[in-house]
Amino acid sequence: MATFDDDLSELRSRSLLRKLRTFDSPQQPEIEQAGKSLLNFASNDYIGLATEPALREAAKAAIDRYGVGSGASRLICGTLAPHTKLEETLAKFKGTEAALCFSSGYAAAVGALGALCREGDVIILDKLCHASLIDGARLSGATLRVFPHNHLGKLESHLDWARTNHPDGRIVVVTEAVFSMDGDRAPLAEIVEIKNRLGALLLVDEAHAVGVLGRNGRGLADALQLEGEVDIQMGTLSKALGVAGGYIAGSRRLVDLLVNRARSFIYSTSPPPAIAAAANAAIEWMLSDEGERRREQLWKNLAHFADEMPQHFAEGRKIQSAIIPIILGESERALAAAEQLAERGIYVPAIRYPTVPRDAARLRVTISARHTTQQISTLAAALRAI
Ligand SMILES: *Cc1c(COP(=O)(O)O)cnc(C)c1O
């Protein structure tokens, strides 16, 4: 039997060993690790809401009123007023009849796919879908089909196959709005046309699009005026919204079904009321003029980064989100590049297999509305130098 050490050594020898690092500062453009200050280009807090005063105040007020823990799962006595309020605000934000929040985006993905699909059904996923979507699809017991990233022809042929071979099954197409490790967008209008024509449901994970795209950061479906066409809108409250938790937004019937069947929702203590209150404040903040200004600042910062990296954005490559991958190939190369940046006081994570394909290790740069022009120029100069 292999020892734990055998497994760890194998990971180390392939440059795939991961280690935790502890930061002793809030999530902001400059973070502190072991007494050293680093410029943070790693966070998904794209708007800077993780430290926003309005959210802190909402969390504190909820703690004063409701305490810390929520005491039980949602279906027992763990549904507190902040949870219900958050779900109403989310539904309004997303333009849907209803919404349901989960403890994390991961739990939302696993819970929703498991509730909607079972043996005899078919889930068709983009190759680059997040691990939570893959795990949810696998756990559901449905038949899985994967299409190459953003490949509409393959999506269509999988759908044809599913219609023919599983005529009575439920068919769900799954994609991300903005892909978490590549930063590009799904061709949502085309996907909607195909799924409508061939008769399937569509789940879109807006994790990295909410707060960044669409009116007041409502996401990609909103930006393309396709809100009504996405049957299952998934997202997380933990990225640009700066808090924690996941959600599904859609029809009342969808939410009723999830309340009855989503195991990650039913068999888990509900999120702390302070988290729900802070998330509610985050959405209300996004809907304010100040929210819209901060989102515009993010896009100005992204444009500045693109101006500073003309060779990276050559050949018509455009910034599509707050995530900019710099693909280096082998894990060792990505690790070495991240190391060199750290020596210059900049933190950009090296992303390796199995998060990305074996030969596509990369630096994953994320930009925030809170970065200064100077900080972005410093990053660009360092990237050019290495
Ligand atoms: C982060 C992420 C999730 C999971 O959300 P958490 O709230 O962090 O659990 C799901 N999907 C995508 C695309 C993500 O990037």
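Residues numbered from 1 in each chain as written. Predicted model: local features only at pLDDT ≥ 70, side-chain atom pairs only at ≥ 80, totals over all residues. Heavy atoms only, no water.

### Structural notes on the packing of aromatic side chains
A full pass over the atoms with the stated rule returns three aromatic pairs. Ring plane angle 40° and centroid distance 5.5 Å describe the contact between Phe23 and Tyr347, whose orientation is recorded as tilted. Taken together, the positions of Phe23 in the loop between helix H1 (4-13) and strand E1 (30-33) and Tyr347 in strand E11 (residues 346-347) put the pair 324 residues apart, joining distant regions of the chain. Given the relative accessible area of 27%, Phe23 is considered partly exposed. By relative accessible area, Tyr347 is classed as buried at 15%. An angle of 80° between the planes, with centres 6.2 Å apart, marks the rings of Phe305 and Phe313 as edge-to-face. In this structure Phe313 comes out as buried when scored by relative accessible area, which is 15%. One residue, Arg358, lies across the ring of Tyr353, its end atom 3.9 Å from the ring centre. (Phe/Tyr/Trp six-rings, centres within 6.5 Å; stacked < 30°, edge-to-face > 60°. Helix = DSSP H or I, 4+ residues; strand = E, 2+ residues; numbered from the N terminus. Buried < 20%, exposed > 50% of the residue type's maximum accessible area, 1.4 Å probe, protein only. Lys NZ or Arg CZ within 6 Å of the ring centre and 35° of its normal.)

### What to know about the pattern of salt bridges
Scanning the entire structure with this criterion turns up 15 salt bridges. Residue Arg197 is joined to Glu193 by a salt bridge in which the shortest nitrogen-to-oxygen separation is 2.8 Å. Highlighted residues: Arg197 and Glu193, both in helix H8 (residues 188-198), separated by four residues, approximately one helical turn. In this structure Glu193 comes out as partly exposed when scored by relative accessible area, which is 40%. For Arg252, the salt bridge identified is with Asp256, shortest N-O distance 3.5 Å. Taken together, the residues Arg252 and Asp256, both in helix H10 (residues 252-261) and four residues apart, mark about one turn of the helix. Taking the relative accessible area as the measure of exposure, Arg252 reaches 43% and is therefore partly exposed. (Salt bridge = Lys/Arg side-chain N within 4 Å of Asp/Glu carboxyl O.)

### Here's the deal with the sheet that holds strand E3 (residues 98-102)
The seven strands lie next to each other as E3-E9-E8-E7-E6-E4-E5, forming an open sheet whose pairing is mixed. Lying at the two open borders of the sheet, with one neighbouring strand each, are E3 and strand E5 (143-147). Neighbour-to-neighbour, the strand axes of the sheet open up by a mean angle of 20°, direction not taken into account. Across four bridges, the pairing between strand E4 (residues 122-126) and strand E6 (residues 171-176) is parallel. Across the sheet, residue Val122 finds its bridge partner in E6, namely Ile171. Running at roughly 125° to E3, helix H4 (residues 81-94) makes contact with E3, strand E8 (232-236) and strand E9 (246-250) of the sheet. (Pairing = 2+ DSSP bridges. Axes fitted to C-alpha atoms, helices over the stretch in contact; angles between N-to-C directions. Contact = heavy atoms within 4.5 Å.)

### So, H10
Turning to H10, its buried residues are Leu254, Val255 and Leu258. Projected onto a plane normal to the axis of H10, the buried residues spread over an arc of 95° and lie on a single side. In H10, those exposed residues whose orientation departs by more than 90 degrees from the buried face are Arg253 and Asn260. Where H10 is buried, its residues meet E3, helix H5 (105-116), E8, E9 and helix H11 (263-266). (Arc of directions from axis to C-beta.)

### Quick notes on a nonpolar patch on the surface
Taken together, Phe4, Leu8 and Leu11 make up a surface patch of nonpolar side chains, about 320 Å² in accessible area. Note that Phe4 resides in helix H1. (Patch = residues over 30% accessible without salt bridge, like charges linked within 9 Å, V, L, I, M, F, W, Y side chains within 5 Å. Areas by Shrake-Rupley, 256 points an atom, 1.4 Å probe, with all protein chains shown as cover.)

### Quick word on unusual backbone geometry
The linkage connecting Tyr353 with the following residue, Pro354, adopts the cis geometry, with an omega of 5°. With respect to the helices, strands and loops of the structure, Pro354 is situated in the loop between strand E12 (350-351) and strand E13 (361-366). Unusually for a residue other than glycine, Ser15 sits at a positive phi of about 55°. Inspection of the secondary structure puts Ser15 in the loop between H1 and E1.

### A word on the domain arrangement of the chain
In terms of domains, the chain is made up of domain 1 (21-41 + 289-385) and domain 2 (53-286). Of note, the centres of domain 1 and domain 2, computed from C-alpha atoms alone, are 26 Å apart. Facing the 17 residues of domain 1 at the interface are 17 residues of domain 2. In this assembly, domain 1 packs against domain 2 so that about 1,500 Å² is buried in total across both faces, 56% of it on carbon and sulfur atoms. Summed over the shared surface of domain 1 and domain 2, the result is one salt bridge. Taken together, the links from domain 1 to domain 2 amount to nine residue pairs in polar contact (both at pLDDT 80 or more). Elements that contribute at least two residues to the side of domain 1 that touches domain 2 include exactly helix H13 (289-308), strand E10 (323-329) and E13. If you tally residues by element for the side of domain 1 that touches domain 2, the top one is H13, at seven residues. A class-by-class count of the residues in the side of domain 1 that touches domain 2 yields seven nonpolar, four polar and six charged. (Domains from an automatic or database assignment. Buried area = accessible area lost by both parts, 1.4 Å probe. Polar contact = N/O pair within 3.5 Å; in protein donor to acceptor, adjacent residues only side chain to side chain. Nonpolar A, V, L, I, M, F, W, Y, C, P; charged D, E, K, R; others polar.)

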